[in-house]
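# An overview of the molecular structure
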Amino acid sequence: MELAAVFSLLPLSAAIAALAVAPAAFQLDVSQMQMAVEEVATPSIADQVAELMAREDTHLREVRVQRGETLAALFSRLGIDDAAALRFAQTDVAARPLVRLAPGRFVQASITSDGRLKWLKAHSAGDLNGPLATTRILTLDREPSQRGFRIAEADVALERRIELKTGEVRVSLFGATDEAGVPDAIAQQMIDALESEIDFHRDLRRGDRFNLIYEALYASGEYLRAGRLLAIEMENDGRRLAAYWFANGSRHGGFYAADGSSLKRAFLRSPLEYTRVSSGFSSSRVHPIFGYDAAHRGVDYSAPSGTNVRSIAEGVVTFAGWQRGYGNVVEIQHDGKYATLYAHLQSIASGLRQGVRIGQSESVGTVGMTGWATGPHLHFELKVHDVHVNPLTAELPLAEPLAAGQLGAFAQATGSLRGQMALLERVGIALDRPR
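Values in this document were obtained by computation on a predicted structure and should not be read as measured data. (Residues numbered from 1 in each chain as written. Predicted model: local features only at pLDDT ≥ 70, side-chain atom pairs only at ≥ 80, totals over all residues. Heavy atoms only, no water.)

## Here we look at helix H7 (residues 173-180)
We apply this condition: Any residue under 20% of the maximum accessible area for its type is buried, any over 50% is exposed, and the rest in between are partly exposed; the area is computed with a 1.4 Å probe on protein chains only. Note on conventions: DSSP H or I runs of at least 4 residues are helices, E runs of at least 2 residues are strands, and numbering of each starts at the N terminus. Of all possible arcs, the one meant is that of the directions from the helix axis to the C-beta atoms.
Considered for burial, the residues of H7 that qualify are Leu173, Phe174, Ala176, Thr177 and Ala180. In a view along the axis of H7, the buried residues occupy a sector of 155 degrees, so they form one face of it. In the segment just after H7, Gly181 is the residue with positive phi, at about 75 degrees.

Shown next as structure tokens:
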């Protein structure tokens, strides 16, 4: 019996367990095998159709509350299209804490395919780094009668488990993570870990594969929420990339390559966050009015109006205002060498003006179509010593690697993760083997 045949009958988690404990060779005494025959009643077509119609297709969405975000905006970002649920959350006395959710609060929602809310959970912001932790959860739940909603609040003890997942990109990254059962919070951490190496707006290819190891938090044996991404290996257009999380002494730790070099750059690769919404939009285009190639002086990122635009690096604003064809534009000098420009903005971030210092990833405004533009998009330029360069191929400075004194601890902390990644790779090869 071939190993591939064994895995074809098992889910991935069971396949991994089987590989971990299987002996080097299978000894099967076929003379002792007996055939068992059992009659199984086949449901009628009508019964099968009725079961499918009764089954409700639901999706789990996970986000963090943004600064200044209203409850209506949060519902929209979660994909909730349920006027009754929003009205209850905005007006019921018990639901008032939902209206006052602090920025950074982790929120989950279970919704049907047509946007109807099943439940919404807002988790307290706490330190979840210990082996056991608790979180306070405020739950908005649809009543069993389906006629109304109820609010409950409780402290929940959390158990930390390690999850191993593998997936393949067919249409988009979020489509691949959905198919693999990877939570949105982990998908976003995948992007954070590798965005200095991959422009997720334009570099993803059909057939790109990924292996993940991450923490998942459980309560009373049931999955509650995602924790921290611990390791990722990704094959992108023939390149193999790996990132391992390490507690480097900073508040949030960081992601490093296997040799301890930092995967964080002083400059982000893209001025737009790769999100579930933006994953389907184009990242370059020919100018619709003048016909020039947008990559000649910069790159145009097509995205919905109102999409957040971020500074790719720390710097000082040298201009924020209106410039003829560029419409609303922000220019930033990052040091004596690099400068960036963000054009056609719908709005410029509040308080942003000449002389203001801005940090990496801070908002410069939102995508729009001001100036000479026929559709919403961001025109982005990068200059090195006042000379335009292609932002997609420019060499950008890296952050500092781990100190020599930390390399031993890093190798010890990531050794088991590399072993688990090798296990995932063997499982993936076995599952792909033709049968």
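## Thoughts on the packing of aromatic side chains
What counts, and what does not: In this analysis, rings of Phe, Tyr and Trp, with Trp reduced to its six-membered ring, are considered paired at centre separations within 6.5 Å, and the interplanar angle assigns stacked below 30 degrees, edge-to-face beyond 60, and tilted for intermediate values.
By the definition in use, this model includes six aromatic pairs. Each ring, one from Phe88 and one from Phe149, has its centre 5.7 Å from the other, and the planes form 35 degrees; the classification is tilted. In this pair, Phe88 sits in helix H5 (residues 83-91) while Phe149 sits in strand E5 (residues 149-168), placing the two residues 61 residues apart along the sequence. Each member of the pair, Phe88 as well as Phe149, is classed as buried. Measuring from ring centre to ring centre gives 6.1 Å for Tyr256 and Phe410, while their planes differ by 70 degrees; the resulting arrangement is edge-to-face. Of this pair, Tyr256 sits in strand E9 (residues 254-256) while Phe410 sits in helix H9 (residues 407-432), and the two are 154 residues apart along the sequence. A relative accessible area of 2% places Phe410 in the buried class.

## Some points on the packing of helix H4 (residues 71-78) against H5
Packed helix pairs are specified by the crossing angle of their axes together with the interaxial distance, meaning the distance between the axes. For clarity, the threshold we go by: Interaxial angles span 0 to 180 degrees and are taken between N-to-C directions of axes, which are lines fitted to C-alpha atoms, for helices over the stretch in contact. Take the far helix as the reference: if the near one is turned anticlockwise from it by less than a right angle, the crossing is left-handed, and if turned clockwise, right-handed. We call two residues in contact whenever any of their non-hydrogen atoms come within 4.5 Å of each other. In the scheme used here, Gly and all other residues not listed as nonpolar or charged are polar, with Ala, Val, Leu, Ile, Met, Phe, Trp, Tyr, Cys and Pro taken as nonpolar and Asp, Glu, Lys and Arg as charged.
Where H4 meets H5, the axes come as close as 10 Å, and the angle between the chain directions of the two elements is 145 degrees. In this structure, the crossing between H4 and H5 has a hand that is right-handed. In contact with Leu71, Ala72 and Phe75 of H4, H5 contributes Ala85, Leu86, Ala89 and Gln90. For the contact of H4 with H5, a count of residues per class yields six nonpolar, one polar and no charged.

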